[in-house]
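Working through the structure, step by step
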Amino acid sequence: MLGDVDPDEVDPKSITFAGAMAVPGSWDVLPEYAGRRGLAAYGIDLHCFDGTPHRVVFDGVQHWCRVSFDGTPAAEHRWGFTRFGVDVPSGSRRMVVLVDNRDDAGRSLLHRDFYDWHHHGGVARGVALHRLGDPWIESVVVTTVAIVPVPVIEVVVEVASESGRQTAHPAELFVDGTVRLATTVPVGVTAWQLELPDAALWSTNDPSLHLVEVRVGSDDWRERIGIRIVGTDGGRLTINGEAVRLLGVNRHDMHPDHGAGLPDDHRLADAQLVRQLGANFLRGGHYPQDEGLLDLCDEMGICVWSEATSWQADARQLTDDRWLEDAESHIGEMIAAARNHPSVILWGLLNEGASNDLSCRPGYERLISRIRAADASRPVTFAGNHTADDVCAELVDVVGINAYPGWYYGSIDDVGPELDRLIAAVDAAGFADKPIIVSEIGAEAIRGWRDPAADRWSEDHQARLLDTTIRHLFVERDRVCGLAIWVLADFRTPQAMPRVLIRPRAYNHKGLVDEYRRPKLAAEVVARAYHDLSGP
Ligand code: ADA
C-alpha cells in the first residue's frame, strides 16, 4: 500500500512490492490495511510470446486504476463494478496496477461526498488473461427475437484482427453442442438469426438455459443464454407475454470479511437466501452486480434489476457534461457485461436522482437514450424518491418508488396510506398503464433486539412494517407489479458526520439478515408472506 500519494507522482518501475494481496479481494478488510484509504499497487509478470494478441480483462477494480506495462501507462479506468480490458504488449512484461480507493470526485467523477455504503478498495472482482488469436472475437451478443411460432434468436458477433480487414475468416456457430452454422465472417459485425424450434424458454419457474458457442479462426466465445422476451402490458411486467409478480430484495455486494471481493460461495449463499425467502427478484442497488451472481440468478430463475452506479445525483452532476459522459460509458460497460444474462430483465439508473428538477431532465434523457441505444430489449427504470412531483417518470417504462414510511417518517399505520398516496400520484400523472415497482422500503433492526412494544430498531418493528407492506401491496391492493425490500443484508456505511449518528456501528441495519447473513425476525416473516403469495 502506497498510501495518501498522488498516482501521477508514482513511477511504477520504482515500486518495491513488500506485501501480498489476494485477487479478487478488497485490501481494506485485511487487518493490516483495515479501513485505509489511498493508493495501492499490484504487480505481476505476464509472458505473452506466441505472436498473437493478448488482453487482460478486469471484472471490477475499485474505484480508480491505472494499468501500466514496464512502466508505460496503458489504460485508466474509473469506477469499480464494471468490466474493462487492456491489450498486453507481446513479450515478458511487468504489469503494475495502481488502485485508488479514495472518494475523489475529481478523479472518479461518479463519486460524491456521501454514498450510503462503504467503498472498499482493491481488485475486487476477477481478472483473466485472454489469448485472443488473430482474428479474435471482440463480442457476442445474443437476443431473443421471437418465441412464437418458434423461438428465434439473433447472434451478433464482432470480429477484430490485427492483420487486415479483407479476409473472410472461417466461423462456426453451435447451440447446445450442435453445429448450426458453418460459414465465413469478415472483420467487423455480423448478425445471424436462428430458429430453435425445440428450445425451451427461460422463466422464473423454469429457467432453461442454452449454450451458444461461436468459433472464428482459433478464437472461441461461449455464452449461456435463456430465451425469453420481457415486456410491459397495462401496468404489468411480462416475461414471454405472461404477467410476472416480482417479490424481491435489494442487495449490496458486500461482506465484513471480504469487502466487495466476495468469494463465489458467499454469492451462492446469497442467491440461495433469496430463494429461501420465496423471492424471485433482486435489485442490484446501486451498481452492476458481479457476473458470477448473474450466472446464479440465470440458473435459479431470479429476475434482476441491473443498476448503473449513482446515488442521489443532483443538478450539479446531472447537468455536468463530463459527469454524464462518465455515466454513459459506465452504462455501456454495464450493458456489455450483463446483456446476455436472461435473469437481467430491467436496466436501472440514477437511484434517487433529482428527478423532480426540470433542469435535470435532459441528463435523464441522455442516459436513458444511451441504454435504449445499446439494448432495446429490456424495459428501463429508475428508483425515485420524488414520486409526487417527478418530471422524469415519463421517460421510463417502469416506475420505481423508494419510500420509508414507518421509518424516517410516520408510523407503521401510515405505510398503507402513504404507499396509496404515492401510487395515486403516478396514476394521476398519466402513467396508470406503467408498471410500478416499490424499489425500496424498510426499517432498521439490530439483530437480537426483540421488543414486545415493537419500537424502532427492534426486530419486531421491522418485521411488522414489512409484513404490513407486503400485505398492503399484494393482498389489499393489486396495482404494483413488484417490491424490492431494502435490503437483504446489513452493510457497512461511511463514517461521515452527522449521518453516521443514525447508523449504529457505521452499519445500515435494514437487512433481513445481519452482515454475516444471520437471520432477523423479518427474514422469517417475509419468507412466510412471499411463499404465501407465490403459492406451493
Ligand atoms: C435510500 C437509498 C439507499 C439507502 C436507504 C436508507 O433510499 O437509496 O441506498 O441509503 O435510503 O437506508 O436510508
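Quick note: structure is the one above.
What counts as what
- Residues numbered from 1 in each chain as written.
- Predicted model: local features only at pLDDT ≥ 70, side-chain atom pairs only at ≥ 80, totals over all residues.
- Heavy atoms only, no water.
- Helix = DSSP H or I, 4+ residues; strand = E, 2+ residues; numbered from the N terminus.
- Rg over C-alpha atoms; globule rule 2.2 N^0.38 Å.
- Buried < 20%, exposed > 50% of the residue type's maximum accessible area, 1.4 Å probe, protein only.
- Contact = heavy atoms within 4.5 Å.
- Lys, Arg positive; Asp, Glu negative; His and termini not counted.
- Charge placed at Lys NZ, Arg CZ, Asp CG, Glu CD.
- Pairing = 2+ DSSP bridges.
- Patch = residues over 30% accessible without salt bridge, like charges linked within 9 Å, V, L, I, M, F, W, Y side chains within 5 Å.
- Areas by Shrake-Rupley, 256 points an atom, 1.4 Å probe, with all protein chains shown as cover.
- Salt bridge = Lys/Arg side-chain N within 4 Å of Asp/Glu carboxyl O.
- Axes fitted to C-alpha atoms, helices over the stretch in contact; angles between N-to-C directions.
- Left-handed = near helix turned anticlockwise from the far one by under 90°.
- Nonpolar A, V, L, I, M, F, W, Y, C, P; charged D, E, K, R; others polar.
- Core = buried A, V, L, I, M, F, W, Y, C linked by side-chain atoms within 4.5 Å.
- Domains from an automatic or database assignment.
- Parallel < 35°, antiparallel > 145°, perpendicular 65-115°, else oblique.
- Expected span 1.5 Å × (residues − 1).
- Near = heavy atom within 4 Å.
- Polar contact = N/O pair within 3.5 Å; in protein donor to acceptor, adjacent residues only side chain to side chain.

The next subject is the overall build of the chain. Each helix and strand counted, the chain has 8 helices and 27 strands in total. For the chain, the C-alpha radius of gyration of 24 Å lies close to 24 Å, the compact-globule estimate for 536 residues. Expressed as a percentage of its 536 residues, the buried residues of the chain come to 57%. When contacts within the chain are restricted to residue pairs at least 6 apart in sequence, long-range pairs at least 24 apart make up 72% of them. When the 52 positive and 80 negative side-chain charges of the chain are each reduced to one mean point, those points stand 2 Å apart.

Turning next to the sheet that holds strand β16 (residues 236–239). Strand order in the open sheet formed by 3 strands is β15-β16-β17, with antiparallel pairing between adjacent strands. Two strands close off the open sheet at either side, each with one partner strand: β15 (230–233) and β17 (242–243). Looking at chain direction, β16 and β17 are connected through 2 bridges and run antiparallel. Across the sheet, Thr238 pairs through a bridge with Ala243, a residue of β17.

On to a nonpolar patch on the surface. A surface patch of nonpolar side chains, amounting to about 300 Å² of accessible area, comprises Tyr408, Tyr409 and Ile502. For Tyr408, the location among the structural elements is in the loop between β23 (398–402) and α6 (415–431). Residue classification places Tyr408 among the partly exposed residues on the basis of a relative accessible area of 42%.

Turning to the packing of helix α1 (residues 264–276) against helix α2 (residues 291–300), a few remarks are in order. Between two packed helices, the angle of one axis relative to the other and the distance separating the axes together describe the packing. Running from N to C, α1 and α2 point in directions that differ by 35°, and their axes come no closer than 9 Å. Once α1 is placed against α2, the crossing between them reads as right-handed. Here α1 contributes Arg267, Leu268, Ala271, Gln272 and Arg275 to the contact with α2, which in turn contributes Leu293, Leu296 and Met300. Its residues assigned to classes, the contact of α1 with α2 shows 5 nonpolar, 1 polar and 2 charged.

Right, let's get into the nonpolar core. What tends to happen in soluble globular proteins is that the nonpolar side chains get buried as a cluster. Counting residues in hydrophobic clusters, the biggest one holds 91 residues, and the most contacted among them are Trp323 and Leu349. The element that contributes the greatest number of residues to this core is helix α8 (residues 521–534), accounting for 8 residues. Domain assignment of the residues forming this core places at least three in each of domain 1 (7–131) and domain 3 (245–272 + 403–536). In this view, Leu349 contacts Glu307, Ala308, Ile331, Leu367, Ile368, Ile371, Val380, Thr381, Phe382 and Ala383; residues no more than four positions away in its chain are not counted.

Another point: the packing of helix α7 (residues 459–476) against α8. In the contact formed by α7 and α8, the axes pass within 8 Å of each other and the chain directions differ by 15°. Judged by the angle between their axes, α7 and α8 are roughly parallel. Helix-helix and strand crossings are classified by hand; for α7 and α8 the assignment is right-handed. Across from Glu459, Asp460, Gln462, Ala463, Leu466, Asp467, Ile470, Phe474 and Val475 in α7, the residues of α8 making contact are Leu521, Ala522, Val525, Val526, Ala529, Tyr530 and Leu533.

A word on α1. Over its 13 residues, α1 runs 18 Å from end to end, which matches the ideal 18 Å to within 8%, given 1.5 Å per residue. Among the structural elements, β18 (246–250), β19 (281–283) and α2 are those in contact with the buried residues of α1. Remark: Gly278 follows α1 within two positions and exhibits a positive phi of approximately 80°.

Taken in spatial order, the 4 strands line up as β1-β6-β3-β4 in an open sheet, and their pairing is antiparallel. Edge strands, defined here as strands with exactly one partner in the open sheet, are β1 (39–48) and β4 (72–78). Here the average twist between neighbouring strands, direction ignored, is 20°. When strand β3 (residues 64–69) meets strand β6 (residues 91–100), the two strands line up antiparallel, connected through 6 bridges. Each residue of the ladder has a partner; that of Phe69, found in β6, is Met95.

Here we take up the site of the ligand. The immediate surroundings of the ligand are formed by 13 residues, with Asp116, His286, Tyr408, Glu440 and Lys510 found nearest. A distance of 3.4 Å separates an oxygen atom of the ligand from a polar side-chain atom of Trp486. Separating an oxygen atom of the ligand from a side-chain N or O atom of Arg503 is a distance of 3.2 Å. Calculation on the ligand without its partners gives an accessible area of 310 Å², and the protein chains cover 95% of this total. Of the residues assigned to the shell around the ligand, the class counts are 4 nonpolar, 4 polar and 5 charged.

The next point concerns the pattern of salt bridges. Applying the stated rule across the entire model yields 46 salt bridges. The shortest N-O distance in the salt bridge between Glu440 and Arg283 comes to 2.9 Å. Of this pair, Glu440 sits in strand β24 (residues 436–440) while Arg283 sits in strand β19, placing them 157 residues apart in sequence. Exposure remark for Arg283: the relative accessible area of 0% places this residue in the buried category. With its nearest N and O atoms 2.9 Å apart, the salt bridge here joins Arg372 to Asp397. Residue Arg372 is located in helix α5 (residues 361–374), and its partner Asp397 is located in the loop between β22 (380–384) and β23; the two are separated by 25 residues in the primary sequence. Assessed through its relative accessible area of 25%, Asp397 is described here as partly exposed. Among the ionic contacts, a cluster of salt bridges with common partners joins Arg125, Arg251, Asp253, Arg267, Asp270, Asp290 and Arg517.

Purely spatial values, then, with no claim about function.
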